[in-house]
Amino acid sequence: MDTLVLALDFVGTFVFALSGAMLGVRRRLDLFGVLVVAFAAATAGGMTRDVLIGATPVAVLSDWRYPAITLAAGLIAFAWAPAIERLQQPVRLFDAMGLALFAVVGTQKALDFGIPPPMAAGLGMLTGIGGGIARDVLLAQVPLVLRAELYAVAALAGAALVATGHWLHWPPLPCAIGGALLCFGLRMMALRFGWHLPVALQSRDGEPPESMR
Amino acid sequence: MDTLVLALDFVGTFVFALSGAMLGVRRRLDLFGVLVVAFAAATAGGMTRDVLIGATPVAVLSDWRYPAITLAAGLIAFAWAPAIERLQQPVRLFDAMGLALFAVVGTQKALDFGIPPPMAAGLGMLTGIGGGIARDVLLAQVPLVLRAELYAVAALAGAALVATGHWLHWPPLPCAIGGALLCFGLRMMALRFGWHLPVALQSRDGEPPESMR
Amino acid sequence: MDTLVLALDFVGTFVFALSGAMLGVRRRLDLFGVLVVAFAAATAGGMTRDVLIGATPVAVLSDWRYPAITLAAGLIAFAWAPAIERLQQPVRLFDAMGLALFAVVGTQKALDFGIPPPMAAGLGMLTGIGGGIARDVLLAQVPLVLRAELYAVAALAGAALVATGHWLHWPPLPCAIGGALLCFGLRMMALRFGWHLPVALQSRDGEPPESMR
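It should be emphasised that the depicted structure is a prediction, and the values quoted were computed from it without experimental measurement.

1. Digging into the relation of the copies chain B and chain A
So, point 1. Placing chain B over chain A gives an RMSD of 0.0 Å and needs a rotation angle of 120°, together with 0.0 Å of translation along the axis. On the angle and the small slide along the axis, the relation comes out as a three-fold axis. Distance from the rotation axis, computed per C-alpha, reaches its smallest value in chain B at Ala-140 of chain B: 3.2 Å.
So, point 2. The residues that chain B uses at the interface reappear at the interface of chain A in only 9% of cases, marking distinct surfaces.

2. A look at the pattern of salt bridges
So, point 1. Counted by the stated rule, this structure contains 12 salt bridges over all chains.
So, point 2. Note that Asp-50 of chain C is salt-bridged to Arg-49 of chain C, the shortest N-O span being 3.0 Å. Arg-49 of chain C carries the same exposure label as Asp-50 of chain C, and that label is buried.
So, point 3. The network of salt bridges with common partners includes Arg-49, Asp-50 and Lys-109 of chain A.

3. Examining unusual backbone geometry
So, point 1. At His-169 of chain A, a residue that is not glycine, the phi angle is positive and equals roughly 60°.
So, point 2. Relative to the elements of secondary structure, His-169 of chain A occurs in the loop between helix H7 (151-167) and helix H8 (172-193).
So, point 3. Taking the relative accessible area as the measure of exposure, His-169 of chain A reaches 72% and is therefore exposed.
So, point 4. Positive phi, close to 65°, is recorded for Arg-28 of chain B, a residue that is not glycine.
So, point 5. You can see Arg-28 of chain B is positioned in the loop between helix H1 (2-26) and helix H2 (31-53).

4. What to know about the interface of chain A and chain C
So, point 1. Across the boundary between the two partners, chain A contributes 44 residues, which contact 38 residues of chain C.
So, point 2. Summed over both partners, the interface of chain A with chain C buries about 3600 Å², with 68% contributed by carbon and sulfur atoms.
So, point 3. Looking at the side of chain A facing chain C, the largest losses of area belong to Arg-26, Phe-32 and Leu-61 of chain A, adding up to 21% of the total buried there.
So, point 4. Our enumeration of links across chain A and chain C arrives at 0 salt bridges.
So, point 5. The interface formed by chain A and chain C contains 1 residue pair in polar contact (both at pLDDT 80 or more).
So, point 6. When residues of the side of chain A that touches chain C are traced back to their parent elements, those giving at least two are helix H1 (2-26), helix H2 (31-53), helix H3 (65-79), helix H4 (81-86), helix H5 (88-112) and helix H6 (117-138) of chain A.
So, point 7. Broken down by element, the residue count for the side of chain A that touches chain C peaks at 7 residues, all from H2 of chain A.
So, point 8. Looking at the side of chain A that touches chain C residue by residue, the class counts come to 28 nonpolar, 5 polar and 11 charged.

Conventions and cut-offs
Residues numbered from 1 in each chain as written. Chains lettered and ligands numbered in written order. Predicted model: local features only at pLDDT ≥ 70, side-chain atom pairs only at ≥ 80, totals over all residues. Heavy atoms only, no water. Least-squares fit on C-alpha atoms with pLDDT ≥ 70 in both. Contact = heavy atoms within 4.5 Å. Salt bridge = Lys/Arg side-chain N within 4 Å of Asp/Glu carboxyl O. Buried < 20%, exposed > 50% of the residue type's maximum accessible area, 1.4 Å probe, protein only. Helix = DSSP H or I, 4+ residues; strand = E, 2+ residues; numbered from the N terminus. Buried area = accessible area lost by both parts, 1.4 Å probe. Polar contact = N/O pair within 3.5 Å; in protein donor to acceptor, adjacent residues only side chain to side chain. Nonpolar A, V, L, I, M, F, W, Y, C, P; charged D, E, K, R; others polar.

Okay, here's the thing in structure tokens:
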């Protein structure tokens, strides 16, 4: 089981690194800039979670395979960027798998550190979406995960199932599998059917209101 | 007294969450993106302070009322955004109160962790302005708190009074009240009279100078 | 020796603070905003490193000279911005020195905390380039260190030499000096001869591909 989780964790790291590297290529960063963004996209979520719960040194610093995988993903994206862009369907699939896995693993780790279930679910979501946020902040754009089809919602749903199961003393393995499937399924269905959350009404566009400064 | 501080802390959390949610609404994020930005605006300052001084797991992860308040503020902003924009005066008032309180509480917590007074004052300021910085970085704009009327200065003034009082062994309660009033008063007066700090002279506009890269 | 390292660390802090302040001046921040960006540019790399390895409270919070140096650099940049822009050559020189030193010191500190050599080298690089990233994220632009002439590469090369030396049980002092010289030399030569890393081929410009969301 642990080997499976580790393997899936590596897949998630690889796919998120790929997404960061592809965006870096698009924004015309040089090879090294691409690798830095790939690393941020793959590891920022887990690192932020570890820092917030006090699990330092953070996990990604103690296993050389994470940087190695990130490096490989970055080099692949750099070398074959046009080809990868054509593979939309598989990349989306892997990305949803990575999101599901990171959300579930992140929640479980937070619970193991004694964080109460509601906040553990939030940390699980953060583990899933943090990499995408770091990638977009580095590239000076509003994070796509805050706007894409049920991206953060799917992560939170999966994380919440794990946290609820922990709270009700359900066995952890089925909860983890169920949470991952819930997240993955929600995200894939949102992509397929174009599901979006509503956007609020507002009075006028442009600058934020004076009172919010 | 502790109950009062906690109640004011909740008010500050609520108001800062509101400011984040309002900005998210303006930038056309969906419901969930709005909630994420609200949470970042309300808690990033305190989380950064806790992480830097090693107070992990960070405080906001151990009390479910912070996420609950943030959620409520986000939903309210989402549902009634146009109405809230018209309430400039009350929102400014609460925002200044939140700033004053966060600055004072943040300084006190840093002092309790043995941080020397000058840096504790800096951390207090960071507690007050960190949420606004996180909110604006997420939305890819230069933080307004770095440009608004004496915003960061007011936070630092209040925090410095608390830190100075601690250094001179003055009683903590009057210092805290004085610091909060100083911050609140400075900010309200700066808003009323349009006080600004000076902007530096420069030779030409546009890109940063070559030598700074 | 320790005095020398400390003195060089102060020089690096001063120069990075200067670079942050100059950029803040260009973006028309007020005096206080300039000081905040100067502080972020000078200390974000070291603070991030300390937080990730669990060395909290972070080092910069326990020595008042760091804020004092940052403050001085910020005020100088604010007062004489046009003059400093003309000093391109010396500023570049100091900046490369700061980068070299931060990279070497950062790697050494990570190794002292038991981080394995490959990740310690990465943390050393992060110590060197983190300040520049924080500065540019605060000012909502894609970090220049991800695009400039071998900037991050030079930092990583110096850091890698220190980490390799540690792994092979070489004496630390010559490794540190060699790593700093390597980083400094690479950066200065890249500036002199305009060295760049390659940029990847891509199929079309504009928005990131759909599949990356």
